[in-house]
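Reading the structure
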Amino acid sequence: MMKTTLTTTALGLVLAAGAAGAQELRFMCYQDGSECAAWGAQMATFEAENPGISVIVDEVPYASIIESLPVQLEVGEGPDLARVTDYGGLARFMLDVRPYVSDADAIEARYGQSLAWARVGDNNADGIYNIVDQLTATGGFANKTLFDQAGVEMPGAGATWAQWAEASRAVRDAVGVDFAMAIDRTGHRFAGPAMSYGAAYFDANGDPILVDDGFRTFAEQFVAWHEDGTLARDVWAGAGGGTYQDAAAEFINANLVMYYSGSWQIGRFGRDIGDAFDWVATGGICGPVACTGMPGGAGIVGFKQTEHPEAVGKLMEFMARDEVQGAVLAQTRNIPANSVLQEQGIAYQDVSDDVKAALTTFAASIPTFADSAYALQGYANNRAIYTSTPARITQAIVGELSLEDALTRLDADIAEAIAQ
């Protein structure tokens, strides 16, 4: 008995020592569909390969990522890693994991284009700060069943915003749904259509100019569509400041004819719409000047304040691996940023014809995007543009300011944010 007691005590000391040296990583994750769950399923494999490192996946709303996370990081708190979209705005907090990965060249070869999005400000020109797990493109979705019921011909490839507005109003009026069109409440979603109307966003020196003739032209049309009911008013007018708001629920509930959002919605629509109705991705929507959307993507980044930088590096390298990314993308139905997987293709799980066609349409649209769209996505101060745009444009929509005053203040907001 004494021998057993001593053995148990010794074992307890060993376990206690092991626990003291254990490294726990907190991964703050938001999801459009099932991304956090898919990553959570991969953590068992990572932990088995890396004894002594455990990962806790904390799922949070997207609003927490864009509003709460920067505040936490500013005071030296927050998670070890997070799934984010604001590379420019968070760049100064990011950890360069290049010193902690075993094959930086392999990561560079696969993710080079998206790695550049975090190599801004004072970050190293060859640093590895982000692993994109969801390459995205903005674009539209249309309820094909509603078009068929209304007997209205759906605009095809190369159709303009004006054509979509006219057709969507006709469908709404014919079938009696509440909303013709909706656009997510964020300057990121506003940017693609604005560029299609000629907004440059940057001058020849790469400095932001924001409100130029093209931007103003689309802003005028955007406010007018809210006034005549073409756009679902509550999406933008129902919130204030830079608050993000989407209309995905209205589209899923078949109460919206055409919805401008992005490829990250595909998995969610495939899951939540099912066979309730037929829907299609519209591809790029054209304006008078261009047919462009915005590229982007969510990705995993580590933060400098972590107490376990080597463990963060190991986890990010694990998440970058072809077979790991492939398994996650198969579940989440996202477009890969990994060039090897782009070439090989993803064996998406339980994919409906609607989802398969939408993934193909969005992937095909990405190469057509304007250079200014890529420049804006990698711009260090793009978060200021993305949050100030809805704040000021909404004031024009609800009548707090004239559109001209709203645009003047928007320019001043961006200038002030850059100066700070």
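Residues numbered from 1 in each chain as written. Predicted model: local features only at pLDDT ≥ 70, side-chain atom pairs only at ≥ 80, totals over all residues. Heavy atoms only, no water.

Right, let's talk about the state of the cysteines for a bit. Per the stated rule, a full pass over the model turns up two disulfides. With its sulfur 2.2 Å from that of its partner, cysteine 29 forms a disulfide with cysteine 36. Disulfide cysteine 29-cysteine 36: torsion about the S-S bond near -100 degrees, hence left-handed. Paired by a disulfide, cysteine 286 and cysteine 291 hold their sulfur atoms 1.9 Å apart. Around the S-S axis, the bridge from cysteine 286 to cysteine 291 shows a dihedral of about 100 degrees and counts as right-handed. (Disulfide = S-S within 2.5 Å.)

Another aspect to go through is the packing of helix α9 (residues 213–227) against helix α19 (residues 403–419). It is the contact of α9 with α19, at a shortest axis distance of 11 Å, that shows an interaxial angle of 130 degrees. Here α19 runs oblique to α9, going by the angle between their axes. Considering how the two elements wind past one another, α9 and α19 form a crossing that is right-handed. On α19, the residues touching Phe215, Arg216, Ala219, Glu220 and Val223 of α9 are Leu403, Glu404, Leu407 and Leu410. For the contact of α9 with α19, the class distribution of residues is six nonpolar, no polar and three charged. (Axes fitted to C-alpha atoms, helices over the stretch in contact; angles between N-to-C directions. Helix = DSSP H or I, 4+ residues; strand = E, 2+ residues; numbered from the N terminus. Parallel < 35°, antiparallel > 145°, perpendicular 65-115°, else oblique. Left-handed = near helix turned anticlockwise from the far one by under 90°. Contact = heavy atoms within 4.5 Å. Nonpolar A, V, L, I, M, F, W, Y, C, P; charged D, E, K, R; others polar.)

Counting 125 residues, the largest nonpolar core has Phe190, Tyr201, Phe215, Trp279 and Ile393 as the members making the most contacts within it. It is helix α13 (residues 309–320) that contributes the most residues to this core, seven residues altogether. Not counting chain neighbours up to four residues away, the residues in contact with phenylalanine 190 comprise Tyr201, Phe215, Phe218, Ala219, Phe222, Trp236, Thr389 and Ile393. (Core = buried A, V, L, I, M, F, W, Y, C linked by side-chain atoms within 4.5 Å. Buried < 20%, exposed > 50% of the residue type's maximum accessible area, 1.4 Å probe, protein only.)

Looking now at the packing of aromatic side chains. Applying the stated rule across the entire model yields 26 aromatic pairs. With centroids separated by 4.7 Å and ring planes inclined at 55 degrees, the aromatic side chains of tyrosine 30 and tyrosine 62 adopt a geometry described as tilted. Of this pair, tyrosine 30 sits in the loop between β1 (23–29) and α2 (35–49) while tyrosine 62 sits in helix α3 (residues 62–74), and the two are 32 residues apart along the sequence. A connected cluster of aromatic rings, assembled from ring pairs, spans Trp161, Phe190, Tyr197, Tyr201, Phe215, Phe218, Phe222, Trp225, Trp236 and Tyr260. Just above the ring of tyrosine 30 sits the side chain of arginine 83; from NZ or CZ to the centre is 4.9 Å. (Phe/Tyr/Trp six-rings, centres within 6.5 Å; stacked < 30°, edge-to-face > 60°. Lys NZ or Arg CZ within 6 Å of the ring centre and 35° of its normal.)

Glancing now at the environment of glutamate 153. Locating glutamate 153 in the fold gives a position in the loop between α6 (144–150) and α7 (161–175). Distance in space between the C-alpha atoms of glutamate 153 and alanine 170 is 9.9 Å, their sequence separation being 17 residues. Excluding residues within four positions of it along the chain, glutamate 153 makes contact with Phe147 and Ala167.

As a volume, the largest pocket reaches approximately 650 Å³. Considering each element in turn, the lining of the largest pocket owes the most residues, four residues, to α3. Within this model, the second largest pocket holds a volume of roughly 450 Å³. At four residues, the largest contribution of residues to the lining of the second largest pocket is made by helix α18 (residues 382–398). Of the residues in the lining of the second largest pocket, the class split is eight nonpolar, 14 polar and seven charged. (1 Å grid on protein atoms, 1.4 Å probe; cavity = no way out; pocket = protein on both sides within 12 Å on 5 of 7 lines; lining within 4 Å. Points joined across faces, edges and corners; volume = space filled by probe spheres on them.)

For the structure on display, the rule yields two cavities of 30 Å³ or more. There is about 40 Å³ of room inside the largest cavity. Together, Thr138, Gly139, Trp161, Gly192, Pro193, Tyr260, Gly283, Gly284, Ile285, Thr292, Gly293 and Phe369 line the largest cavity. Elements supplying a minimum of two residues to the lining of the largest cavity: β4 (130–143) and α8 (187–196).

The subject of this paragraph is helix α16 (residues 353–365). An ideal rise of 1.5 Å per residue puts 18 Å on 13 residues; α16 measures up with 18 Å between its terminal C-alpha atoms. Residues of α16 that are buried: Asp354, Val355, Ala358, Leu359, Phe362 and Ser365. When α16 is viewed along its axis, its buried side chains cluster within an angular range of 135 degrees and face the same direction. Along α16, exposed side chains directed more than 90 degrees from the buried face belong to Asp353, Thr360 and Ala364. (Expected span 1.5 Å × (residues − 1). Arc of directions from axis to C-beta.)

Let us look at the pattern of salt bridges. The tally for this structure, following the rule as stated, stands at 18 salt bridges. A salt bridge links arginine 26 to aspartate 58; its shortest N-O distance comes to 2.9 Å. Taken as a pair, arginine 26 in strand β1 and aspartate 58 in strand β2 (residues 53–59) lie far apart in primary sequence, 32 residues in all. Arginine 321 is paired through a salt bridge with glutamate 323; the nearest N and O atoms lie 2.8 Å apart. According to the relative accessible area criterion, arginine 321 is partly exposed, its value standing at 28%. Overlapping salt bridges, with partners in common, bring together Asp246, Arg268, Arg271 and Asp272 in one network. (Salt bridge = Lys/Arg side-chain N within 4 Å of Asp/Glu carboxyl O.)

Right, let's talk about the environment of phenylalanine 215 for a bit. Residue placement: phenylalanine 215 occurs in helix α9. On a C-alpha basis, the gap between phenylalanine 215 and alanine 337 in space is 29 Å, while along the polypeptide they are 122 residues apart. Dropping the residues within four chain positions of it, phenylalanine 215 is found in contact with Phe190, Ala194, Ala199, Tyr201, Leu210, Thr389, Leu407 and Leu410.

This paragraph deals with the pairing of β4. Here β4 lies mainly inside the structure; 14 of its 14 residues are buried. Sheet analysis places β4 next to strand β8 (residues 295–302), joined by seven bridges and oriented antiparallel. If you follow asparagine 130 over to β8, its bridge partner there is valine 301. Note: β4 against strand β6 (residues 256–262), five bridges, orientation antiparallel. Within β6, the residue paired with alanine 142 across the bridge is methionine 258. The pairing of β4 with strand β7 (residues 279–283) spans four bridges and is antiparallel. Considered in β7, the bridge of asparagine 143 is made with tryptophan 279. (Pairing = 2+ DSSP bridges.)

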